[in-house]
Amino acid sequence: MSKVLYPGSFDPITKGHMNIVEQASDMFDEVIIAIMRNSAKKNSMFTVKERLEMISELYHRIDNVRVIAGEGATVDVAIKNECKAIIRGLRSLADFDSELALCHINREISDNRVNTICFFADQKYQFVSSSIVKELYYIDKDITPYVDPLIKEKMMEKRIDFR
Ligand code: ADP
């Protein structure tokens, strides 16, 4: 069985991320979305638990997509879940540089047990990122084109929380 791990912050998951999941789930038997804590991104909008719940709800009807919360090193999460590769999405050259570095580090620290496979972002979502979605949301602009309706609803509930 070919299983791959899709790690990320997903704060929140965007249609760009969802497009990568779609591309990968067409190709592999199982895609495991791993919500990882990113120490460089301090102010998260959703807790890991909230993200786990909403992304699980989003994919509850899709048989070969599973969602987990990952702790520690991504390669260890991949090995523990019997994934031979990590998948990542590429939007631009800037993404390429950082993903290339990550790929090499992950090979090294996993003794070549975990490789990385990159998928190209759909043109429509090439400029979409979780941070741009949050920016638009904070300045009251429509985020409908960039996130699933369920995620928009959860973001709107947050607005009620902080008002
Ligand atoms: P991280 O904190 O690990 O960068 P993100 O949630 O920001 O987590 O992104 C996870 C992965 O999804 C990364 O490989 C990123 O390049 C990719 N990604 C993010 N947005 C898009 C998009 N719009 N289209 C394709 N891939 C994307």
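This text goes with the structure placed above it.
Residues numbered from 1 in each chain as written. Predicted model: local features only at pLDDT ≥ 70, side-chain atom pairs only at ≥ 80, totals over all residues. Heavy atoms only, no water.

In this section: the environment of M36. Tracing the backbone through its elements, the reader meets M36 in strand β2 (residues 30-36). Taking the relative accessible area as the measure of exposure, M36 reaches 8% and is therefore buried. As a C-alpha pair, M36 and G8 span 28 residues in sequence and 5.6 Å in three-dimensional space. Beyond its immediate stretch of four places on either side in the chain, M36 contacts P7, G8, S9, R51, G70, E71, G72, A73, T74 and V77. (Helix = DSSP H or I, 4+ residues; strand = E, 2+ residues; numbered from the N terminus. Buried < 20%, exposed > 50% of the residue type's maximum accessible area, 1.4 Å probe, protein only. Contact = heavy atoms within 4.5 Å.)

Next up on the list: the site of the ligand. In the vicinity of the ligand there are 18 residues, among which Y6, S9, K41, G89 and V128 approach most closely. For the ligand, a nitrogen atom lies 3.2 Å from a polar atom in the side chain of R91. Within the backbone of V128, one N or O atom sits 2.8 Å away from a nitrogen atom of the ligand. Within the complex, the protein chains bury 90% of what would otherwise be the 550 Å² of accessible surface of the ligand. Most atoms of the ligand, that is more than half of them, are within 2 Å of grid points of the largest pocket. Elements with a contribution of two residues or more to the shell around the ligand: β1 (3-8), α1 (15-27), β4 (85-90) and α4 (93-109). A breakdown of the residues in the shell around the ligand according to their chemical character gives seven nonpolar, six polar and five charged. (Near = heavy atom within 4 Å. Polar contact = N/O pair within 3.5 Å; in protein donor to acceptor, adjacent residues only side chain to side chain. Areas by Shrake-Rupley, 256 points an atom, 1.4 Å probe, with all protein chains shown as cover. 1 Å grid on protein atoms, 1.4 Å probe; cavity = no way out; pocket = protein on both sides within 12 Å on 5 of 7 lines; lining within 4 Å. Sits in = over half its atoms within 2 Å of the grid points. Nonpolar A, V, L, I, M, F, W, Y, C, P; charged D, E, K, R; others polar.)

What follows concerns the nonpolar core. Grouped together as the largest cluster of nonpolar side chains are 33 residues, with contacts concentrated most on I13, I33, I55, Y59, I87, I151 and M155. Those elements that provide at least two residues to this core are β1, α1, β2, α2 (48-58), β3 (65-70), β4, α5 (130-138) and α6 (149-162). Setting aside anything within four residues of it in sequence, one finds M155 in contact with P12, M45, F46, V133, Y137 and I143. By size, the runner-up hydrophobic cluster in this structure holds eleven residues, among which are V75, V77, A78 and C83. (Core = buried A, V, L, I, M, F, W, Y, C linked by side-chain atoms within 4.5 Å.)

The linkage connecting D11 with the following residue, P12, adopts the cis geometry, with an omega of 0°. Secondary-structure assignment places P12 in the loop between β1 and α1. In this model, E82 sits at a positive phi of 60°, which is unusual for a non-glycine residue. Its place among the elements puts E82 in the loop between α3 (74-80) and β4. For E82, a relative accessible area of 60% gives the class exposed. Phi is positive for N112, which is not a glycine, with a value near 65°. Of note, N112 is situated in the loop between α4 and β5 (115-120).

Looking at the secondary structure, you find T14 in the loop between β1 and α1. Spatially, the C-alpha atom of T14 lies 4.7 Å from that of V147, the residues being 133 residues apart in sequence. Once residues lying within four places of it in the same chain are set aside, the contact partners of T14 are V128, S129, S130, V133, Y146 and V147.

For the rest of this paragraph, the subject is the sheet that holds β5. Spatial strand order, β3-β2-β1-β4-β5: five strands in an open sheet with parallel pairing. What marks the edges here is a single partner per strand, and that holds for β3 and β5. Strand-to-strand, the axes of this sheet are offset by a mean angle of 30°, without reference to chain direction. Of the strand pairs in this sheet, β2 and β3 are connected by six bridges, and their pairing is parallel. Looking at the pairing, I35 lines up with A69 of β3. Sheet contacts for α1: β1, β2, β3, β4 and β5; angle to β5, the most-contacted strand, approximately 115°. (Pairing = 2+ DSSP bridges. Axes fitted to C-alpha atoms, helices over the stretch in contact; angles between N-to-C directions.)

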